Amino acid sequence: MKEGFVLSLEKNIEKEQKEVKFWADALAEKIIERKQFHFTDEKTPKLKKWSVKSSSSLSGVLHIGRLSDLVRSEAVFRALEEKKFPAEFIYITEDMDPLRKIPKGVPASFEQYLGMAVSDIPDPFGCHESYDKHHLEEFLKVSEKFLSAKPKVFSMREEYKKGSFSKEILEIVNNSGKVKEVINQFKESKLEDSWNPWKPICENCGKLQTTEVLKIEGSKVEYECKDYEFETTIAKGCGFKGSSDISKANGKLAWKSEWAMQWKRWNVCSEGAGKEYESKNSAFWINAEICEKVLHFPMPEPIFYEHLMIDGVKMSASLGNIVYPKEWLEVSRPEALRLLYLKRLMKTRSFSWQDIPLLELELDRLAEAVSEKKGDEKERLNNERLLHFVSFSKKPITTVKIDYSLALMLAQLFQNNEEALEKLEEMKHISGKEPKKELEAIFERLKLARTFAEKHALPGQKISFAENFDAKSIEPAIAALLSKIGEKISKAESAEEVQTLVFNTAKENNLQPPKLFSALYSTIIAKPQGPKFGSLVFALGKERVAERLKQVKV
Ligand SMILES: [Zn+2]
Ligand SMILES: [Zn+2]
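To start, this report covers the structure provided alongside it. Bear in mind that the values here come from a model prediction, so they are computed numbers and not experimental data.

1. Looking at the overall build of the protein
- A tally of regular secondary structure across the protein gives 21 helices and 15 strands.
- Overall, the protein is about 95 × 55 × 45 Å in size when its C-alpha atoms are taken along their principal axes.
- Every one of the 554 residues in the protein was classed for burial, and the buried ones make up 53%.
- Long-range pairs, those at least 24 residues apart, make up 72% of the contacts in the protein between residues at least 6 apart in sequence.
- When the accessible area of the protein is evaluated, it comes to approximately 26,400 Å², of which 51% is carbon and sulfur surface.

2. What about the nonpolar core?
- Of all hydrophobic cores here, the largest spans 156 residues; its most connected members are Tyr160, Ile169, Phe351, Ile489, Leu516 and Phe533.
- Broken down by element, the residue count for this core peaks at eight residues, all from helix α16 (residues 436-455).
- The residues contacting tyrosine 160, other than those within four sequence positions of it, are Met96, Phe165, Ile169, Trp198, Ala249, Gly251, Lys252, Leu253, Glu258 and Met261.
- Core analysis: the next-biggest nonpolar cluster, separate from the first, contains 11 residues, Val106, Leu114, Val118 and Phe230 among them.

3. Side note on the coordination of the zinc ion (ligand 1)
- In this structure, Asp123 (OD), Cys127 (SG), His128 (ND1) and His134 (ND1) serve as the protein donors to the zinc ion (ligand 1), at separations of 1.9 to 2.3 Å.
- Geometry at the zinc ion (ligand 1) is tetrahedral, judged from its four donor atoms and the angles of 106 to 116 degrees they form at the metal.
- The sequence pattern formed by the donor residues of the zinc ion (ligand 1) is D-x3-C-H-x5-H. Here the residue aspartate 123 occupies a position in the loop between β2 (87-93) and α4 (131-144), and histidine 134 occupies one in helix α4, the gap between them amounting to 11 residues.

4. What to know about the packing of aromatic side chains
- Within this structure, the stated rule accounts for 28 aromatic pairs.
- Geometrically, the ring pair formed by tryptophan 259 and tyrosine 277 is edge-to-face, given 5.4 Å between the ring centres and 75 degrees between the ring planes. One end of the pair, tryptophan 259, is in helix α8 (residues 255-265); the other, tyrosine 277, is in the loop between β11 (268-274) and α9 (283-293), with 18 residues separating them in the sequence.
- Under the relative-accessibility criterion, tyrosine 277 is labelled partly exposed at 23%.
- Taken together, the aromatic side chains of Trp255, Trp259, Trp263, Tyr277, Phe284, Trp285 and Phe304 make up a single cluster linked through ring pairs.
- For arginine 544, the ring lying beneath its charged end belongs to phenylalanine 465, and the centroid distance is 4.3 Å.

Rules used in this analysis
- Residues numbered from 1 in each chain as written.
- Chains lettered and ligands numbered in written order.
- Predicted model: local features only at pLDDT ≥ 70, side-chain atom pairs only at ≥ 80, totals over all residues.
- Heavy atoms only, no water.
- Helix = DSSP H or I, 4+ residues; strand = E, 2+ residues; numbered from the N terminus.
- Buried < 20%, exposed > 50% of the residue type's maximum accessible area, 1.4 Å probe, protein only.
- Contact = heavy atoms within 4.5 Å.
- Areas by Shrake-Rupley, 256 points an atom, 1.4 Å probe, with all protein chains shown as cover.
- Core = buried A, V, L, I, M, F, W, Y, C linked by side-chain atoms within 4.5 Å.
- Donors = N, O, S within 2.8 Å, 3.2 Å for Na, K, Ca; no water.
- Tetrahedral: all angles 85-135°; square planar, octahedral: opposite > 155°, others 65-115°.
- Phe/Tyr/Trp six-rings, centres within 6.5 Å; stacked < 30°, edge-to-face > 60°.
- Lys NZ or Arg CZ within 6 Å of the ring centre and 35° of its normal.

Note that all results are geometric; they support no functional claim without further evidence.
Right under this line is the structure:
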């Protein structure tokens with residue numbers, strides 16, 4: 001059994017596979033050094049401004065996974081900026097996406113809007129001008145708390161309306177043969193000859209998904225509005241037959257060509273995408289080829305990453321395992337989530353609430369390793385860069401004098417901060433003469449830990465002095481040692497001293513220390529393990545602990 005969860009946490013901190021360069025730096029360098037296209041031998045242009053793009057659709061649930069793309073793109077943007085590459089950070093709202101199903105909490109009457117672009121649908125909650133704006137405001141407000149750089153926000157709907165894409169749309173529509181060829185390489189059932197990537201919006205009912213293109217001539221498109229079957233719903237068409245002018249851009253390109261158009265429109269040099277896009281027949285690579293061969297613009301360098309899982313499964317509203325950004329901030333620093341996303345891109349990340357103390361400890365250790373210049377040169381450099389990107393650029397990580405698991409213990413034993421502080425002084429963790437800023441950092445940590453204990457601590461993490469103990473379950477040889485330790489504890493001056501006392505007692509009696517610690521925890525808090533024992537003794541009061549241990553008679 002483990003000596004306590006502090007030690008076991010340390011053992012669990014992942015030993016990262018150190019790359020020569022931090023991934024965001026390596027990617028930035030690759031971008032800066034690009035000379036030629038990927039699919040053709042065209043030369044990479046020299047542009048006054050490039051951008052690192054992030055985007056998301058606005059209909060889903062706002063969980064912490066939705067922040068991962070932004071946090072990672074931001075790192076690449078910062079790396080480019082520091083290397084004096086002309087880049088900006090942009091966020092595109094995919095508000096031209098049609099509504100596919102009615103989310104929980106939205107009235108059933110919204111069925112009438114299925115197939116309509118989310119930017120054309122009213123706000124079901126009545127507080128914003130449209131459906132997408134309702135979600136966008138919340139998303140931006142939340143993401144600001146986790147981001148160091150503020151992205152410039154663009155709406156697809158607005159850009160279509162403004163005619164920003166008109167040139168590229170015509171280029172793609174006029175070359176739909178080439179576009180089709182690229183897509184067909186990976187398709188078993190080939191696209192029909194009449195296929196075209198343009199989808200007009202029905203003039204009569206305003207829906208997007210329901211229009212079927214009948215004919216395209218030059219920039220004129222004829223269509224009919226028909227029912228469209230989504231996976232689980234049907235978008236009703238109105239039967240209208242009409243025609244529209246593509247150059248007026250009242251419609252949308254298919255995703256396999258629209259993405260390419262976005263890259264060209266915003267001079268995108270890098271963008272994040274889930275690892276499912278890594279395979280060569282994915283929409284990412286198809287768009288990359290369309291981008292270079294049809295639009296003559298170099299494909300962006302991808303930031304492929306693994307999606308976040310919760311307790312090993314995908315986060316979803318129906319499974320009820322959603323982790324909301326707000327809940328995160330109640331128990332942990334935003335930098336801890338940034339660390340989770342930034343330390344590596346491609347290993348499956350599974351999160352469970354119980355990881356919070358570990359993540360907080362990992363962040364503390366990282367800051368400590370950097371300030372104390374720990375490790376060999378490669379390791380030092382990697383730690384420095386990781387901490388740099390994890391931190392907000394204008395707000396360095398504050399070091400807290402007590403670690404999260406100690407805070408978790410104190411927060412449970414003392415409801416008020418003053419008492420906890422007194423205890424910390426007695427335990428010699430602080431002198432009591434710390435500057436106000438340091439004390440505030442301790443209070444903040446206690447506050448986070450208190451909420452964690454209330455909301456997420458497992459029974460095993462809850463701490464209180466055991467009302468009674470089972471003397472019979474303790475081996476006689478160990479029981480004798482417990483009362484001896486009890487006698488000595490009364491005289492101990494510090495948590496460290498208690499810790500050493502237990503280790504030495506185990507050694508002198510040829511016992512495995514974990515076995516002795518486990519007996520101690522069982523006697524005092526009725527659990528086989530617990531926080532660092534020395535600290536626990538002081539937090540509970542050493543007289544009380546000594547008294548209890550002396551009661552263990554052989
Ligand atoms: Zn609203
Ligand atoms: Zn219609």
